[in-house]
Amino acid sequence: LSWLNGHHFIVSAWTHALLVFDVLYIATIWNRTLRPLIIVASFLYWGSVAILTGFIGFAALMLAANVIFCPSSELQVLGRCCGMCKCKPAEKIGD
């Protein structure tokens, strides 16, 4: 990261972008319409943190924490595509 020493504008812009994302994340993750966009943006956010700071474990943990906001139906589809999930689709109550 020593190459960033002379590029104060890049460091400042990245810092401001991360701060804006943190505030927007809290405000928009609960909106079902914006949630997919915020989850994708969080992958970019934590990916950049992992690459630029070296906190790979922490970034991976935070990415895993974002899975909480993914609907279970989408996770089951993803699991079947990867061959990791052998669960059946949820049945409706009363059928």
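Structure shown above.
Asks: Tell me about the nonpolar core, and name the residues and values.
Replies: Counting residues in each nonpolar core, the largest one holds 13 residues, and the members touching the most others are Y25, I29, Y45, W46, V49 and F69. Of all elements in the fold, only helix 1 (8–28), helix 2 (35–53) and helix 3 (56–66) reach the threshold of two or more residues within this core. If one sorts the elements of this core by residue count, helix 2 sits on top with six residues. When sequence neighbours within four positions are dropped, the list of residues in contact with Y25 reads I38, S42, N66 and F69.

Asks: Can you break down the packing of helix 1 against helix 2 residue by residue, with the values?
Replies: Here helix 1 crosses helix 2 at 145 degrees, and the two axes come no closer than 11 Å. The element helix 1 and its partner helix 2 pack so that their crossing is left-handed. The segment helix 1 lies against helix 2, with W14, L18, F21, D22, Y25 and T28 engaging R35, I38, A41, S42, Y45, S48, V49, L52 and T53. Classifying every residue of the contact of helix 1 with helix 2 by side-chain character gives nine nonpolar, four polar and two charged.

Conventions and cut-offs
- Residues numbered from 1 in each chain as written.
- Predicted model: local features only at pLDDT ≥ 70, side-chain atom pairs only at ≥ 80, totals over all residues.
- Heavy atoms only, no water.
- Core = buried A, V, L, I, M, F, W, Y, C linked by side-chain atoms within 4.5 Å.
- Buried < 20%, exposed > 50% of the residue type's maximum accessible area, 1.4 Å probe, protein only.
- Helix = DSSP H or I, 4+ residues; strand = E, 2+ residues; numbered from the N terminus.
- Contact = heavy atoms within 4.5 Å.
- Axes fitted to C-alpha atoms, helices over the stretch in contact; angles between N-to-C directions.
- Left-handed = near helix turned anticlockwise from the far one by under 90°.
- Nonpolar A, V, L, I, M, F, W, Y, C, P; charged D, E, K, R; others polar.

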